Each structure stands twice: as structure tokens, then as C-alpha cells.
Amino acid sequence: MMRGLWLIPVAMLAACGPIPVDRAEQQCLDRARLAAKPRGMVSVGATSSGDAKAGLKLQISSDYIMGRDPSAVFDACVYQKSGEPPTRPLYSFPEWRG
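Each chain has its residues counted from 1, running along the sequence as written. With pLDDT at 70 or above as the cut-off, local features in this predicted model cover only qualifying residues; side-chain atom pairs require 80 or more to be listed or tallied, and sums for whole chains, interfaces and linings still use all residues. Excluding hydrogens and water, the side-chain figures rest on all heavy atoms present in the structure.

1. Focus on the overall build of the chain
Argument step 1. Strands here are runs of E lasting at least two residues and helices are runs of H or I lasting at least four, both read from the DSSP assignment and numbered beginning at the N terminus. In terms of helices and strands, the chain carries 4 helices and 2 strands.
Argument step 2. Put simply, the chain runs from its N terminus to its C terminus through helices and strands in the order α-α-β-β-α-α.
Argument step 3. Exposure is judged per residue with a 1.4 Å probe applied to protein chains only, and the accessible area is read against the type maximum: over 50% gives exposed, under 20% gives buried, and values in between give partly exposed. Burial statistics for the chain: of 98 residues in total, 22% are counted as buried.
Argument step 4. For the chain, contacts bridging at least 24 residues in sequence account for 58% of all contacts bridging at least 6.
Argument step 5. For the area figures, the Shrake-Rupley method with a 1.4 Å probe applies, and any residue is considered shielded solely by the protein chains shown. Accessible area of the chain: about 7300 Å², with a carbon and sulfur share of 61%. The contact definition used throughout considers only heavy atoms, calling two residues in contact when any of these lie within 4.5 Å.

Below, the structure written as C-alpha cells:
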């Protein structure tokens, strides 16, 4: 029973390994967006009993607060996740609307 226990830490470390660069690029697009500007949502409504409800959700990244360039944030993020540089610049992605 104890023989197979060493596989658990090995499997956990393998999960922390690099990911393919194309997947890292997709994941890092969101981080670059947050570096460009905060994101938020406001909601207003009423309950069935007539009470008013309001909500606010705001996301601000430390990259935005520090004034980091979204392109540099993207490049560093991709390299950190994949161990490789991005295959193309941030601004060439159709999804980018910084």
C-alpha cells in the first residue's frame, strides 16, 4: 500500500509543469486586458417583494495599478506559463481590444 504513495507528489509536480504556448497565450490575454484597464459590472434590480437591489463588481489588477504595458505583461505571462516566448505580439490577436 505504501509503495504507490510516492506517485502522488510526482503527479502534483507534473501538473505544475509548462503548458503549450498556444494555451498560455489564450490564458494570458485576460491578464493583459486587466493590465490595460479595470473591468467592472453594475447591476440594478428589484425583488419580488418590491425591494430595490444594487450590486457592483470591480476587477483591478496590480499590473494596471503599477502602470505596466499590457504587451509586456502578456509576454512575461506566456513565458512564465510555457517557458517559451509568445508566437506573435499581443496586438495581433483578433481577441485583443485593449
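Still more to cover.
2. With respect to the state of the cysteines
Argument step 1. In what follows, a disulfide is any cysteine sulfur pair within 2.5 Å. For the coordinates displayed, the defined rule picks out 1 disulfide.
Argument step 2. Linked covalently through their sulfurs, Cys28 and Cys77 form a disulfide whose S-S length is 2.1 Å. Of note, the bridge from Cys28 to Cys77 carries an S-S torsion of about -75° and is left-handed in sense. With Cys28 in helix H2 (residues 21–36) and Cys77 in helix H4 (residues 70–82), the pair connects residues that are 49 residues apart, well separated along the chain.
Argument step 3. By relative accessible area, Cys28 is classed as buried at 0%.
Argument step 4. Classification of Cys77 by relative accessible area gives buried; the value is 2%.

3. Quick word on the packing of aromatic side chains
Argument step 1. Whether two aromatic rings pair depends on their centres lying within 6.5 Å, for rings of Phe, Tyr and Trp, where Trp uses its six-membered ring; planes under 30 degrees apart make the pair stacked, over 60 edge-to-face, and the rest tilted. Summed over all chains, the structure comprises 2 aromatic pairs.
Argument step 2. Ring centres of Phe74 and Phe93 lie 5.5 Å apart, and the angle between their planes is 70°; this geometry places the pair in the edge-to-face category. Placement of the pair is Phe74 in helix H4 and Phe93 in the segment after H4, with a sequence separation of 19 residues. For the pair formed by Phe74 and Phe93, the shared burial category is buried.
Argument step 3. Consider the rings of Tyr91 and Trp96, whose centres lie 5.9 Å apart with planes at 75°: the pair is edge-to-face.
Argument step 4. On the accessibility criterion, Tyr91 (48% relative accessible area) is partly exposed.
Argument step 5. Residue class for Trp96 comes out buried when judged on its relative accessible area of 13%.
Argument step 6. Across the ring face of Phe93, the terminal group of Arg88 is positioned such that the distance to the ring centre comes to 3.9 Å. Charge-over-ring contacts are defined here by two conditions on Lys NZ or Arg CZ: a distance within 6 Å of the ring centre and an angle within 35 degrees of the ring normal.

4. Observations regarding the confidence of the model for the chain
Any segment with low pLDDT has predicted coordinates that should not be analysed in fine detail.
Argument step 1. Along the chain, pLDDT gives the predictor's confidence residue by residue, from 0 to 100. Of the residues in the chain, 83% have a pLDDT of 70 or more, and the chain-wide mean is 86.
Argument step 2. Put simply, helix H1 (residues 7–15) is where the chain has its lowest mean pLDDT, 57, and H4 is where it has its highest, 96.

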